[in-house]
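Structure at a glance
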Amino acid sequence: MEYKFNDKKLWTTFEIIIVENEWKDKEINDNMFLIWKYIDEFEQEFSRFRDNSQLTNLNNQKNLNVSRTFLDILAKSMNLYRFTNKYFNPLLNLKNLWYSHSFAENNFEILLENQDLNLEEINIVWENIVLKENQNIDFWWIAKWYLVDKLDEKLSDFWYTNYLVNAWWDIYMKWLNNENEKWVIWIENPYEQWYIWTVSLSDISISTSGSYKRHWKIKWEDYHHIVNPYTWKNENSLIWITIISSKCYISDSLATAIFSMWIDKWKEFMLNNWIDWILFWSNKSIFLTPNFTKKYTFTNL
């Protein structure tokens, strides 16, 4: 039996599918109530668009005691910052590019603010975080996908063994689907906005970053939501990158960080670190990990 749930959370659609051998309507509905409540609490803590969130309070006050979850996300962000040679950076202030309001408001404007991007200078003592004057944390590169991993943990704590968590095509799949087979994920073709392949996966995450859907103009100049922290420019050679990894926060954070790199950088980085990827170039070239079709069940449509 397959139970499907979806709701609008964190400015996107969350879909959760649970597969059980018998009908457990009340139990699963009760547990899903707790799941949605947890997501709401997570958004309240980490949304920079909410005036009273813990993230907003820290950015305004520059000195705050925070939760263990907050510290965990910051620690994982620090590891990714070092691993990607600073291409992943939660101190990027997107107000300087466009993101001064939520995407749903369709209100894009540049609000120039000074910024200190040295993540190593954040002072952490136990649960207390102290920011420099021109530092503002934004977990948009990691928080939603960290949340997907937390939902995996919670579903596992409820003793479910077969499920899928989808946060707008950033997905974690646990064990098997309703047909007792691996979960089948459809890979979109960004050139034609249709599907080009399917890939069958289990106990793993798959995440995508791209520029062809979320883009806009400010004063006749084109922008998208992924920024190179060294040049403060958009990378336009790639239009789509899909990465497979053990954890959703890793796959999506790396997808975003790699997307912001220049060509030679991302090639060297991914090959040296054995990352499984699919890349779609703006010139309509497609690249896959050399052994992608050997590691995963891959089907052309």
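Check the entry above for the structure.
Residues numbered from 1 in each chain as written. Predicted model: local features only at pLDDT ≥ 70, side-chain atom pairs only at ≥ 80, totals over all residues. Heavy atoms only, no water.

1. Digging into the sheet that holds strand β5 (residues 128-130)
Cut-off, in case you're wondering: When DSSP finds at least two bridges between two strands, those strands are taken to pair. Note on conventions: DSSP H or I runs of at least 4 residues are helices, E runs of at least 2 residues are strands, and numbering of each starts at the N terminus. Note on geometry: axes are lines fitted to C-alpha atoms, helical ones only across the stretch in contact, with angles between N-to-C directions running from 0 to 180 degrees. Note on contacts: a residue pair qualifies if any of its non-hydrogen atoms lie within 4.5 Å across the two residues.
Overall, antiparallel pairing links the 3 strands, which are arranged β3-β5-β4 in an open sheet. This sheet does not close on itself; its edge strands, each paired only once, are β3 (63-65) and β4 (123-125). Strand-to-strand twist of the sheet, defined as the mean angle between neighbouring strand axes without regard to direction, takes the value 15 degrees. Relative to β5, β3 runs antiparallel, the two sharing 3 bridges. The partner of asparagine 65 across the bridge, within β5, is asparagine 128. Lying on the sheet, helix α2 (residues 54-61) is in contact with β3 and β5; it crosses β3 at an angle near 145 degrees.

2. With respect to the pattern of salt bridges
Just so we agree on the cut-off: Salt bridge, as used here: a side-chain nitrogen of Lys or Arg that lies within 4 Å of a carboxyl oxygen of Asp or Glu.
Evaluation of the coordinates by the stated rule reveals 12 salt bridges. Its salt-bridge partner being lysine 295, residue aspartate 276 comes within 2.7 Å of it at the nearest N-O pair. Taken as a pair, aspartate 276 in strand β14 (residues 276-281) and lysine 295 in helix α7 (residues 292-295) lie far apart in primary sequence, 19 residues in all. Three or more residues are tied together by salt bridges with common partners; here these are Asp7, Lys9 and Asp40.

Honestly, that's just the spatial picture; any functional story needs more than this.
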